[in-house]
Amino acid sequence: MASLFSSAAAVAIIAACAVPASAGQARPDNAAQDTWVAPSGPGEFATFAPAENRVRHRIDYSIWTSALANFVVSMGPPLRKRPFAPPGAMGTRTKLGHSSIYRLDGAMVGFTFMTPEVKDSFTAYREDLESVPDTIDLQSISKNEQLAYWMNLHNVAMVEQIAKNWPIRQPREIEIDGMPLDEAKFITVEGVALSPRDIRERVVYPNWSNPKVIYGFWRGEIGGPAMLREAFQGSTISDQLDRAAREFTNSRRGTEKRGGTLHVSELYTEAAPFFFRDFNRDLRAHLLNYVEDSVLRRVEETDAVKATLREHDIADLSGGARSNPYFSTGKLGFGVAALLFERRKKLDYVERKGLRQGTVTFSNIDLPGDPEGKGEVE
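What counts and how
- In every chain, residue numbers begin from 1 and rise along the written sequence.
- Under the rules for a predicted model, residues below a pLDDT of 70 receive no local features and side-chain atom pairs below 80 are neither given nor counted, while totals for whole chains, interfaces and linings still include all residues.
- With hydrogens and water set aside, each side-chain value is computed from the structure's full complement of heavy atoms.
- By the criteria applied, helices consist of DSSP H or I runs no shorter than four residues and strands consist of E runs no shorter than two, each listed in order from the N terminus.
- In this scheme, a residue with accessible area under 20% of its type's maximum is buried, one over 50% is exposed, and one in between is partly exposed, where area comes from a 1.4 Å probe on protein chains only.
- When checking whether two residues touch, look at their non-hydrogen atoms; a contact exists if any pair is within 4.5 Å.
- Here the Shrake-Rupley method, with its probe set to 1.4 Å, supplies the accessible areas, and only the displayed protein chains count as covering residues.
- Paired strands, in this sense, are two strands between which DSSP finds at least two bridges.
- Lines fitted to C-alpha atoms define the axes here, with helix axes fitted over just the stretch in contact, and angles between the N-to-C directions of these axes take values from 0 to 180 degrees.
- Salt bridges are counted wherever a side-chain nitrogen of Lys or Arg sits within 4 Å of a carboxyl oxygen of Asp or Glu.
- The definition of a polar contact used here is a pair of N or O atoms within 3.5 Å, where within protein one atom must be able to donate a hydrogen and the other to accept one, and adjacent residues in sequence count solely through side-chain atom pairs.
- To qualify as a nonpolar core, a set must consist of buried Ala, Val, Leu, Ile, Met, Phe, Trp, Tyr and Cys residues joined through side-chain atoms within 4.5 Å.
- Stacked, tilted and edge-to-face pairs are distinguished by plane angle, under 30 degrees for stacked and over 60 for edge-to-face with tilted covering the rest, among Phe, Tyr and Trp rings (Trp via its six-membered ring) whose centres lie within 6.5 Å.
- By definition, being over a ring means that NZ of Lys or CZ of Arg is both within 6 Å of the ring centre and within 35 degrees of the ring normal.

Participant: I'd like a description of the overall build of the protein chain, backed by residues and values.
Facilitator: When helices and strands are tallied, the protein chain shows nine helices and eleven strands. For the protein chain, the proportion of its 378 residues judged to be buried stands at 53%. Within the protein chain, contacts between residues at least 6 apart in sequence are counted, and of these 80% link residues at least 24 apart. Counting only carbon and sulfur atoms, one obtains 49% of the accessible surface of the protein chain, whose full area is about 17000 Å².

Participant: Break down the sheet that holds strand E10 (residues 261-265) for me, with residues and values.
Facilitator: If you trace the three strands from one edge of the open sheet to the other, you get E9-E10-E11, paired in mixed fashion. Where the open sheet ends on each side, the last strands, each with one partner, are strand E9 (255-258) and strand E11 (304-309). Across the sheet, the axes of successive neighbouring strands diverge by a mean angle of 30 degrees, strand direction being ignored. As paired elements, E10 and E11 share five bridges and run parallel to each other. Bridge pairing in E11 places Leu262 opposite Val305. The sheet contacts of helix H7 (residues 279-287) involve E9, E10 and E11, and relative to E11 the element is tilted by about 75 degrees.

Participant: Mind laying out the pattern of salt bridges, listing which residues take part and the relevant values?
Facilitator: All told, the structure shown has 21 salt bridges when counted by the stated rule. In this structure, Glu342 engages Arg103 in a salt bridge whose closest nitrogen and oxygen atoms are separated by 2.9 Å. Here Glu342, found in helix H9 (residues 334-353), pairs with Arg103, found in the loop between strand E3 (72-74) and strand E4 (107-109); they are 239 residues apart in sequence, far enough to count as distant. On the basis of relative accessible area, Glu342 is assigned to the buried category, the value being 1%. Given a relative accessible area of 8%, Arg103 falls into the buried group. Here Glu201 ties to Arg197 by a salt bridge, and the two come within 2.7 Å at their closest N and O atoms.

Participant: Lay out the side chain of Glu201 with the relevant residues and their values.
Facilitator: Topologically, Glu201 is positioned in helix H4 (residues 196-207). By relative accessible area, Glu201 is classed as buried at 13%. A distance of 2.7 Å separates a polar atom in the side chain of Glu201 from a polar atom in the side chain of Arg197. Not counting chain neighbours up to four residues away, the residues in contact with Glu201 comprise Pro206, Glu270 and Phe274.

Participant: Break down the nonpolar core for me, with residues and values.
Facilitator: Within the largest apolar cluster, 93 residues are counted, with the highest numbers of intra-cluster contacts made by Trp64, Phe111, Tyr149, Trp150, Leu194 and Tyr268. The biggest single contributor to this core is helix H3 (residues 143-165), with twelve residues. Other than its neighbours up to four places away in sequence, Trp150 contacts Phe48, Leu138, Val189, Leu194, Ile199, Val203, Val204 and Phe217.

Participant: Run through the packing of aromatic side chains, naming residues and quoting values.
Facilitator: A complete count under the given rule lists 16 aromatic pairs for this structure. Centroid distance Tyr268 to Phe276: 6.0 Å. Interplanar angle 75 degrees. Geometry classified as edge-to-face. On the accessibility criterion, Phe276 (1% relative accessible area) is buried. Linked through ring pairs, Tyr205, Tyr215, Phe217, Phe248, Tyr268, Phe274, Phe275, Phe276, Phe279 and Tyr290 together constitute an aromatic cluster. Over the ring of Trp208 we find Lys143, and its NZ or CZ is 4.9 Å from the ring centre.

Take a look at the structure:
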């Protein structure tokens, strides 16, 4: 497959006139104004706080959308039931591919189909994104555009490094210069070295107050928020995050009821200092914005909340393993074929039962009297 990216021209910037902003740096809205304290850390991260004046610049991520459309496979709506049984490998009891109970949730990335040229192009594109602030004043574009930039940069970097180290069963096993992938400072923006975790906890979480931002960061794991099949765009990011939040919170990897306790993803503990200071109360209030039907009842019927759910296996079609030539015909190995077979059975079930497969959203329709900054993720 030819390289999907082509140099710095891959990142297009569309400029218009400058406009005033409606707000400056925000703080988590679940904390009292006079008690919230920003997490400690180097002052260099303060440079990324959104400025008060806004300029109408838009960054075009169409190249990244093209890549995602080629390599990301949506597994369909969450069903909260055991995965459909895969076909057996003839003459063996060996289970190839994924075995996680969450394997039909979210989305999977086809790392097995990425050529060395494509993997190199991810590095080139990540470097293109890093250079964007050399062309525009990043902190002065709209907050939605800034948010889309940080989420796309984070996710491109994660895909790049996992692709380079594939095959691997769990992304947390990857190290860069002796540091775990999530802690490694291999991203540089405006001269500041950043890790994926820095982008989340030093740049985005302190400067955005809406907890739905946590669903925009792809961790490379089945247990995390799913990768969308399109890049984040400033004009649609609020709806995109709502869609990601709804899928995650209604899935078994997001919420489970066990007795009188609501078990939730461990990822919520990472975001707790920013959005869920009173973990039980604040997280419940957040979940009620997205959970539906039986999951809503589970939230309402429980008293305690515990963050215990986590699945570290890679969100990869093949389960992080190369195709076994003995069971493979070409590049579509048995593990990939088995997962796609299960997915097909799931989607047939969804269609047969008449279950909802998606939502229709309308965004950025300007109406008379609409407030300035409509649709901005605070």
